[in-house]
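Fold and contact review
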Amino acid sequence: MSIACLYRFLIDVLREDIRFHIFIIFPQLKFAIMLDSKLLFAFCLGLFLILWFAPTSHAQEIFYKGKNIIHVDSTEWDDQSVHYMLVGDTTVSSRPLLIFLRGSLPRPLLVDMGGGQIADLTLPFGYEAYLDRVNVLFVTKPGIPIMAAKNELDPIYQYLDPKTQEIPESFTYQNLSDLLSRRVEAVLKRLIGRPWVDAQHVILVGHSQGARVGTDLASRLDLITQYAYLSDATRG
């Protein structure tokens, strides 16, 4: 039963003062419970509150690229899902977190090359050299999936809408530095309390448009402890 249906049922019970009895039968235990309308209302109200306030669950996926473990997950911000990719070891407590902010192109983070082969598009950052010391975080662009098949990309690996064969409008209208900054902030605030994150070492690296996004983040968030500004795009 959906929350909306349960809500309408509760209103009907209150408005009409429905008088009936319901038997809940437990054959294995050989007894039954009789609920009148008032008890039924209390039961449904409790269920409604549980469903309403229950936290949204996220199904994390794990991929392997050589010896590297790639965690893919999402969080919610401004009524949209923000997907992110974490590369590293989450079984080790209190590791520095390095957030890399990419440039302005609408590229997914991962590419399904077929035959079980997964490639990443994290260039120009060779994160593998740092995985013995830090976990590395990447956040997707709006309107761009975290993973796409190779045939969904153009020759320079930009994602194209399957219907229009153009760059998605949802990316075009939201690829703005301040909005991108808020998306990264939402992911960071979700992860900062995890035992494998060293909150005293949250490192931000921004490249091209990502440098502008990083400047906004570093100026607003005390969570950022170090910031590297690389090759700012003047029109990014």
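As a starting point, this report considers the structure included with it. Remember, predicted model here, so these are calculated numbers, not experimental data. (Residues numbered from 1 in each chain as written. Predicted model: local features only at pLDDT ≥ 70, side-chain atom pairs only at ≥ 80, totals over all residues. Heavy atoms only, no water.)

1. Here we look at the overall build of the chain
Which entries qualify depends on this criterion: The secondary structure listing takes helices from DSSP runs of H or I that are at least 4 residues long and strands from runs of E that are at least 2 residues long, numbered from the N terminus. Burial classes follow relative accessibility: with a 1.4 Å probe on protein chains only, a residue under 20% of its type's maximum area counts as buried, one over 50% as exposed, and anything between as partly exposed. Surface accessibility in these figures is a Shrake-Rupley result with a 1.4 Å probe; residues are shielded only by whichever protein chains are displayed.
Across its full length, the chain holds five helices and 12 strands. Going through the 236 residues of the chain one by one, you find that 39% of them count as buried. Of the accessible surface of the chain, which amounts to about 13,900 Å², a share of 57% is contributed by carbon and sulfur atoms.

2. Here's the deal with helix H5 (residues 209-220)
Quick reminder of the rule: Expected helix span is given by 1.5 Å per residue-to-residue step, counting one fewer step than there are residues.
Taking 1.5 Å of rise per residue, 12 residues should cover 16 Å, and H5 covers 17 Å from first to last C-alpha, within 8% of that figure. Inspection of H5 places Gln209, Gly210, Ala211, Val213, Gly214 and Leu217 among the buried residues, and these make up the whole buried set.

3. Comments concerning the pattern of salt bridges
Threshold: Each reported salt bridge corresponds to a side-chain nitrogen of Lys or Arg within 4 Å of a carboxyl oxygen of Asp or Glu.
For the structure shown, the criterion picks out six salt bridges. We note a salt bridge from Lys189 to Glu185, for which the minimum N-O separation is 2.8 Å. In this pair, Lys189 and Glu185 are both assigned in helix H4 (residues 177-191), four residues apart and thus about one turn of the helix distant. By relative accessible area, Lys189 is classed as partly exposed at 49%. Accessibility expressed as a relative area gives 8% for Glu185, which makes it buried. One salt-bridge network, held together by shared partners, links Arg182, Glu185, Lys189, Asp216 and Arg220.

4. Regarding the sheet that holds strand E10 (residues 147-149)
Which entries qualify depends on this criterion: What makes two strands pair is DSSP finding at least two bridges between them. The angle between two axes is taken between their N-to-C directions and runs from 0 to 180 degrees, where each axis is a line fitted to C-alpha atoms and a helix contributes only its stretch in contact.
Pairing is mixed across the open sheet formed by three strands, whose spatial order is E8-E7-E10. Since the sheet does not close on itself, it has two edges, and those belong to strand E8 (117-120) and E10, each with one partner. Pairs of neighbouring strands in the sheet enclose a mean axial angle of 30°, with direction left out of account. As paired elements, strand E7 (residues 110-114) and E10 share three bridges and run parallel to each other. Its bridge partner lying in E10, Leu110 is registered against Met147.

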